[in-house]
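Summary of the model geometry
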Amino acid sequence: MSSVSNNKIIKWVDDRLPIISMMQHSAVEYPTPKNLSYWWNFGSLAGLVLVIMILSGLFLAMNYAANTGLAFLSVERIMRDVNYGWLIRYIHANGASMFFIVVYLHIVRGFYYGSYKPPREILWWLGLIIMLVMMGTAFMGYVLPWGQMSFWGATVITNLFSAIPLVGEHIVTWLWGGFSVDNPTLNRFFALHFLLPFVLVGIVVLHVWALHTVKSNNPLGIDMKGPQDSLPFHPYYTVKDLFGVGVFMMFFMAFVFWAPNFLGHPDNYIPANPMVTPAHIVPEWYFLPFYAILRAVPDKLGGVLLMFGAIVILAAMPWLDTSKVRSCTFRPIYKWFVMLFIADCVLLGYIGGKPAEEPYILIGQFATAWYFIHLLIVTPLVGWLEKPRPLPESISAAVTKKEAV
Amino acid sequence: MADTANPAHGATDGETRRDFLLYASSAVGVVGAGLALWPFIHSMNPAADTLALASTEVDLSPVAEGQAITVMWRGKPVFVRHRTADEISAARAVDVAGLRDPQKDEDRVKKPEWLVTVGVCTHLGCIPLGQKAADPRGDFGGWFCPCHGSHYDTSGRIRKGPAPLNLHVPEYAFLNDKTVKIG
Ligand code: HEM
Ligand code: FES
């Protein structure tokens with residue numbers, strides 16, 4: 001611990017606050033499986049995007065006015081008059097989409113390689129909580145520019161709570177601070193939108209703490225058995241993560257500079273009008289699969305419960321998946337079901353963006369049914385019935401023998 | 001730190017007494033924290049100025065039969081529809097027992113030709129279409145909510161789609177033949 005450096009000053013600090021040896025321990029020596037693929041880059045990218053969102057958001061907040069009479073105009077002023085305001089806003093608006101792209105891929109990775117299984121349950125739950133808080137943050141952020149989609153998105157989403165029996169209406173009035181989405185609503189959404197990212201930072205710390213306790217999973221899904229199976233995090237994975245950052249930033253900046261409004265909705269450049277609902281309201285793309293589930297049920301409470309259920313049920317994955325084998329690499333049947341499930345989620349996303357008419361309603365109902373059938377029936381059954389392929393004896397054995405991965 | 005021996009340790013009598021004190025003070029603490037939380041929670045409910053809402057008076061004289069107008073009340077649209085004889089009879093011919101939110105048309109209006117409802121879909125709060133002549137009015141000739149496909153009839157009752165309730169009828173009164181006061 002104290003052999004952190006020969007430098008006297010560093011040693012003096014570290015003996016009083018072991019911050020340097022902690023860094024040394026968790027970001028330099030930290031033993032990491034030597035066979036990680038690029039699917040393991042998305043965690044560090046998610047952390048990067050969180051930092052970018054907090055910084056860009058901070059500078060937006062310096063020019064933003066959370067008042068229904070001013071909000072839209074203040075965002076237009078950011079776009080036209082504030083120096084580089086357009087850049088900061090486009091970074092922030094597209095950064096939200098990037099955040100979800102990265103986090104969804106990160107989750108898909110965990111799904112395919114069984115990263116939710118023991119001993120990583122708490123790590124998985126913290127990830128789901130991060131996703132939920134992100135969703136809340138992004139939803140409230142989208143309300144701030146006070147365009148038509150902001151207003152009607154806020155109306156529809158807050159009204160979800162009115163489905164709760166008895167107290168639903170009171171909860172919605174409480175959320176609004178009035179009888180419709182209005183100035184009190186905008187004010188509190190801004191306050192919460194500013195706060196929640198910092199709450200996220202806290203949960204991310206717990207997430208990484210849990211990770212460092214149980215260590216990374218890997219494409220083979222088998223545990224590290226000794227030093228021959230691992231590499232020190234630095235320089236091997238710091239460099240690999242940085243390479244990922246380079247590729248990712250090119251992707252991100254391509255949107256910011258060349259297609260800044262591609263992921264947004266043109267109706268949000270129309271100021272909010274509480275008297276006219278746009279003909280076709282859609283949430284941001286990252287909410288579409290859940291929106292499709294909501295609309296698949298022709299019953300208000302049922303739709304709302306199913307939508308929230310779709311996320312909550314993921315927390316039960318460690319038990320729903322009955323297989324002893326983590327990685328789908330060695331699961332000849334379940335592997336295809338996982339891919340089908342991901343395709344189903346993409347299909348739900350497509351349906352969520354379509355108007356509520358046939359044939360989309362029917363397709364959406366089938367896709368919703370499959371979402372739950374996969375998780376509640378297929379996953380436990382296949383886990384029992386499937387005969388997994390033999391696991392390699394260790395990570396290093398698999399890597400040196402160049403076995404099928 | 002750890003070398004202060006605890007003399008009470010092992011004395012069962014002392015333990016139950018301590019347990020009781022612990023539970024009692026925890027309970028007081030929890031209740032106190034809950035009470036302290038309430039002002040903050042309640043601060044998010046509508047403020048006094050938001051609650052002090054004026055009512056809205058509407059002049060009906062320019063609204064010809066078959067037309068509808070939308071007025072603003074409490075930040076929400078209110079639909080006032082001057083119904084045709086056909087629309088009224090369509091609304092009254094329905095078998096009420098078969099409705100999702102059973103209500104007779106007679107109970108939803110003060111004067112059959114004037115239907116007054118809050119123009120907010122009871123599903124998730126969008127504003128249904130059907131006020132303008134060119135709008136789609138759904139399968140039952142009333143309103144159609146484009147958000148998730150709720151159909152309302154000429155009495156503003158929910159007939160098809162996800163909404164659970166009929167369009168809400170606000171409190172209103174006719175001040176005279178041509179003026180109605182909402183709220
Ligand atoms: C988890 C991180 C965050 C996410 C996912 C997020 C998401 C969003 C989204 C989707 C918008 C709407 C963009 C648009 O269409 O204009 C937005 C706007 C905004 N955000 Fe954030 N945000 C985050 C962090 C922050 C932070 C930390 C702050 C303040 C320090 C902030 C301040 C703002 C402001 C002032 C706006 C309104 C200006 C605008 O609409 O561009 N955000 N945010
Ligand atoms: S809000 Fe009208 S159908 Fe959903």
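What counts as what
- Residues numbered from 1 in each chain as written.
- Chains lettered and ligands numbered in written order.
- Predicted model: local features only at pLDDT ≥ 70, side-chain atom pairs only at ≥ 80, totals over all residues.
- Heavy atoms only, no water.
- Domains from an automatic or database assignment.
- Contact = heavy atoms within 4.5 Å.
- Buried area = accessible area lost by both parts, 1.4 Å probe.
- Salt bridge = Lys/Arg side-chain N within 4 Å of Asp/Glu carboxyl O.
- Helix = DSSP H or I, 4+ residues; strand = E, 2+ residues; numbered from the N terminus.
- Nonpolar A, V, L, I, M, F, W, Y, C, P; charged D, E, K, R; others polar.
- Buried < 20%, exposed > 50% of the residue type's maximum accessible area, 1.4 Å probe, protein only.
- Pairing = 2+ DSSP bridges.
- Axes fitted to C-alpha atoms, helices over the stretch in contact; angles between N-to-C directions.
- Donors = N, O, S within 2.8 Å, 3.2 Å for Na, K, Ca; no water.
- Tetrahedral: all angles 85-135°; square planar, octahedral: opposite > 155°, others 65-115°.
- Near = heavy atom within 4 Å.
- Polar contact = N/O pair within 3.5 Å; in protein donor to acceptor, adjacent residues only side chain to side chain.

The next thing to look at is the domain arrangement of chain A. Residues and elements named next belong to chain A. Looking at the assigned domains, one finds that chain A contains domain 1 (37-281) and domain 2 (284-389). Taken together, the contact between domain 1 and domain 2 spans 41 residues of the former and 37 residues of the latter. For domain 1, the biggest contributors to the area lost against domain 2 are F111, Y112 and K117; these three give 22% of the whole. Linking domain 1 with domain 2 are two salt bridges. Between D321 and K117 there is a salt bridge, with the nearest N and O atoms lying 3.2 Å from each other. Counting only elements with at least two residues in the side of domain 1 that touches domain 2, the list comes to α5 (85-112) and α6 (121-143). The element best represented in the side of domain 1 that touches domain 2 is α6, accounting for 10 residues. Here the residues of the side of domain 1 that touches domain 2 are counted per class, giving 29 nonpolar, eight polar and four charged.

Our focus in this paragraph is the side chain of T155 of chain A. Tracing the backbone shows T155 of chain A in helix α7 (residues 148-159). Looking at T155 of chain A, the relative accessible area reads 6%, which means it is buried. Setting aside chain neighbours within four positions, we find T155 of chain A in contact with V181 of chain A together with L124 and G125 of chain B.

What follows concerns helix α11 (residues 288-296) of chain A. Most of α11 of chain A is tucked away, with nine of its nine residues classed as buried. Among the residues of α11 of chain A, L288, P289, F290, Y291, A292, I293, L294, R295 and A296 of chain A are the ones counted as buried.

As a further point, take the interface of chain A and chain B. How large an interface is tends to be reported as the accessible area lost when its parts come together. The interface is formed by 28 residues belonging to chain A together with 29 residues belonging to chain B. The junction of chain A with chain B conceals about 2300 Å² of combined surface from both sides, 67% of it contributed by carbon and sulfur atoms. Together, W174, F179 and M275 of chain A form the three largest contributors to the area buried by chain A at its contact with chain B, with a combined 33%. Where chain A touches chain B, the interface holds zero salt bridges. For the side of chain A that touches chain B, the secondary structure elements donating two or more residues are α7, α8 (168-176) and α11 of chain A. Ranked by the residues each element gives to the side of chain A that touches chain B, the list is headed by α7 of chain A, at four residues. The residue inventory of the side of chain A that touches chain B, partitioned by class, reads 16 nonpolar, eight polar and four charged.

Further remarks concern the sheet that holds strand β2 (residues 68-73) of chain B. All names here are of chain B. Taken together, three strands build an open sheet; the order of strands is β2-β3-β4 and the sheet is antiparallel. One side of each edge strand has no neighbouring strand; the edge strands of this open sheet are β2 and β4 (114-118). The mean inter-strand angle of the sheet, taken between neighbouring strand axes irrespective of direction, is 20 degrees. Two strands pair when backbone bridges link them, and strand β3 (residues 76-82) and β4 are joined in this way by five bridges, in the antiparallel orientation. The residue bridging H82 from the neighbouring strand is W114, located in β4.

Take the coordination of the iron atom of ligand 1 next. Residue and element names in this part refer to chain A. Around the iron atom of ligand 1, the donor atoms from the protein are H92 (NE2) and H193 (NE2), and they sit 1.9 Å away. Taken together, the six donor atoms coordinating the iron atom of ligand 1 and their angles of 88 to 179 degrees define a geometry best described as octahedral. Here the residue H92 occupies a position in helix α5, and H193 occupies one in helix α9 (residues 183-214), the gap between them amounting to 101 residues. Owing to a relative accessible area of 15%, H193 belongs among the buried residues under this scheme.

This part is about the sheet that holds strand β1 (residues 56-59) of chain B. All names here are of chain B. As summarised here, the arrangement of the three strands in space is β1-β9-β8, forming an open sheet in which the pairing is antiparallel. For this open sheet the edge positions go to β1 and β8 (172-176), each flanked by a neighbour on one side alone. Each strand axis lies, on average, 25 degrees off the axis of its neighbour in the sheet, ignoring direction. Note that β1 and strand β9 (residues 179-182) share four bridges and pair antiparallel. Bridged to E57 within β9 is K181.

Right, let's get into the site of ligand 1. Residues and elements named next belong to chain A. Residues in close proximity to ligand 1 total 25 residues, the closest being R89, H92, G141, H193 and F194. At a separation of 2.8 Å, an oxygen atom of ligand 1 approaches a polar side-chain atom of R89. In the model, a nitrogen atom of ligand 1 is placed 2.8 Å from a nitrogen or oxygen of the H193 side chain. For the shell around ligand 1, the secondary structure elements donating two or more residues are α3 (42-61), α5, α6 and α9. Sorting elements by how many residues they give to the shell around ligand 1 places α3 first, with seven residues. For the shell around ligand 1, the residue count by class is 19 nonpolar, five polar and one charged.

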